[in-house]
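Okay, here's what each chain looks like letter by letter:
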Amino acid sequence: MIYLVYGGSGSGKSEFAEALAVDLAGADGRKIYLATMQADGGEAQNRIERHKKLRAGKGFETIEQSRNIEEAVEGEENTVILLECMSNLLANEMFCPEAKSAEVEKSAFPVAEKILWGIKRLSSACKSLIIVSNNIFDDGIDYDLMTKKYMTGLSFINCQLAKQADKLYEVVCGIPLEVK
């Protein structure tokens, strides 16, 4: 099953997703935390440390995988994978040194399609896949062209995941709302 947990920054979506993973795994299930954030600065490192503290004692195996998520895990029947988070993953894939900047400048869709293929591979290798993604679309700011391409790619991914998901939750002010 695929679960999509969506919300704004600081909404409580990560805490909800972790609790959901613990519940779905049960006492004997394997829980994998697939972390996509790169520690490339003080703020990023602080967020990583905060997330580690949140999941401490919950029995998660952490796998750091900032790109190519399809390579991250050989799942098992009773494995629950929590992918945290889609917005970092897309940025890592779009703006990595290996990305062909001319291709990315044209469109984010090839990168988005690659990520969705990786999600399909992950979901077939586990009992449950929980994906955390961000709502970055409500601030009303007019961004530069590359940021707009990134936002278009994330919007496309979120819409595709929402269609594929068995369950979709939006977390608002720490309250999970079941949308689907």
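Preceding block: the structure.
This one's a predicted model, so the numbers in the text were calculated from it and none came from an experiment.

**Overview of the nonpolar core**
When a protein is soluble and globular, its nonpolar side chains tend to lie buried together.
Okay, so step 1: Counting 33 residues, the largest nonpolar core has Leu-83, Met-86, Ile-119 and Ile-131 as its most contacted members.
Okay, so step 2: Every element with two or more residues in this core is listed here: β1 (2-7), β2 (30-35), β4 (79-84), α3 (86-95), α5 (109-124), β5 (128-134) and α6 (145-164).
Okay, so step 3: Sequence-distant contacts of Met-86, that is, excluding residues within four places in its chain, are made with Ile-115, Ile-119, Ile-131, Val-132, Ser-133, Leu-154, Ile-157 and Leu-161.

**Let's talk about the packing of aromatic side chains**
Okay, so step 1: Throughout the structure, instances matching the rule amount to four aromatic pairs.
Okay, so step 2: Centroid distance Tyr-33 to Phe-60: 6.0 Å. Interplanar angle 85°. Geometry classified as edge-to-face. Remark: Phe-60 occurs in strand β3 (residues 60-64) and Tyr-33 occurs in strand β2; sequence separation between them is 27 residues. For the pair Tyr-33 and Phe-60, a shared accessibility class is recorded, and that class is buried.
Okay, so step 3: Between Phe-95 and Tyr-150 the ring centres are 6.4 Å apart and the planes differ by 40°, which places this aromatic pair in the tilted class. Remark: Tyr-150 occurs in helix α6 and Phe-95 occurs in helix α3; sequence separation between them is 55 residues.
Okay, so step 4: On the basis of relative accessibility, which here comes to 45%, the residue Phe-95 falls in the partly exposed class.

**Structural notes on the pairing of strand β7 (residues 175-178)**
Okay, so step 1: Where strand β6 (residues 167-172) meets β7, four bridges bridge the pair, whose relative direction is antiparallel. What sits directly across from Val-171, in β7, is Pro-176.
Okay, so step 2: Joining the antiparallel neighbours β6 and β7 is a turn of two residues, in which Cys-173 adopts a positive phi near 50°.

**Focus: the side chain of Ser-14**
Okay, so step 1: Along the chain, Ser-14 turns up in helix α1 (residues 13-25).
Okay, so step 2: In this structure Ser-14 touches His-51 and Glu-84, once residues within four positions along its chain are discounted.

**Things to note about the pairing of β1**
A regular strand places its side chains so that they alternate between the two faces of the sheet.
Okay, so step 1: Judged by how many residues are buried, β1 sits mostly within the fold: six of six residues are covered.
Okay, so step 2: Burial along β1 is two-sided: the residues Ile-2, Leu-4 and Tyr-6 and Tyr-3, Val-5 and Gly-7 are all buried.
Okay, so step 3: Across six bridges, β1 lies against β5 in parallel orientation. Counterpart to Ile-2 in the pairing with β5 is Leu-129.
Okay, so step 4: With five bridges connecting them, β1 and β6 associate as parallel partners. Paired with Gly-7 across the bridge in β6 is Val-171.

**Side note on unusual backbone geometry**
Okay, so step 1: A cis amide bond links Glu-84 with the next residue in sequence, Cys-85, at an omega value of 0°.
Okay, so step 2: For Asn-68, which is not a glycine, the phi torsion comes out positive at approximately 50°.
Okay, so step 3: You can see Asn-68 is positioned in the loop between β3 and β4.
Okay, so step 4: According to the relative accessible area criterion, Asn-68 is buried, its value standing at 18%.
Okay, so step 5: Backbone geometry places Cys-173, a non-glycine residue, at a positive phi of 50°.

Conventions we followed
- Residues numbered from 1 in each chain as written.
- Predicted model: local features only at pLDDT ≥ 70, side-chain atom pairs only at ≥ 80, totals over all residues.
- Heavy atoms only, no water.
- Core = buried A, V, L, I, M, F, W, Y, C linked by side-chain atoms within 4.5 Å.
- Buried < 20%, exposed > 50% of the residue type's maximum accessible area, 1.4 Å probe, protein only.
- Helix = DSSP H or I, 4+ residues; strand = E, 2+ residues; numbered from the N terminus.
- Contact = heavy atoms within 4.5 Å.
- Phe/Tyr/Trp six-rings, centres within 6.5 Å; stacked < 30°, edge-to-face > 60°.
- Pairing = 2+ DSSP bridges.

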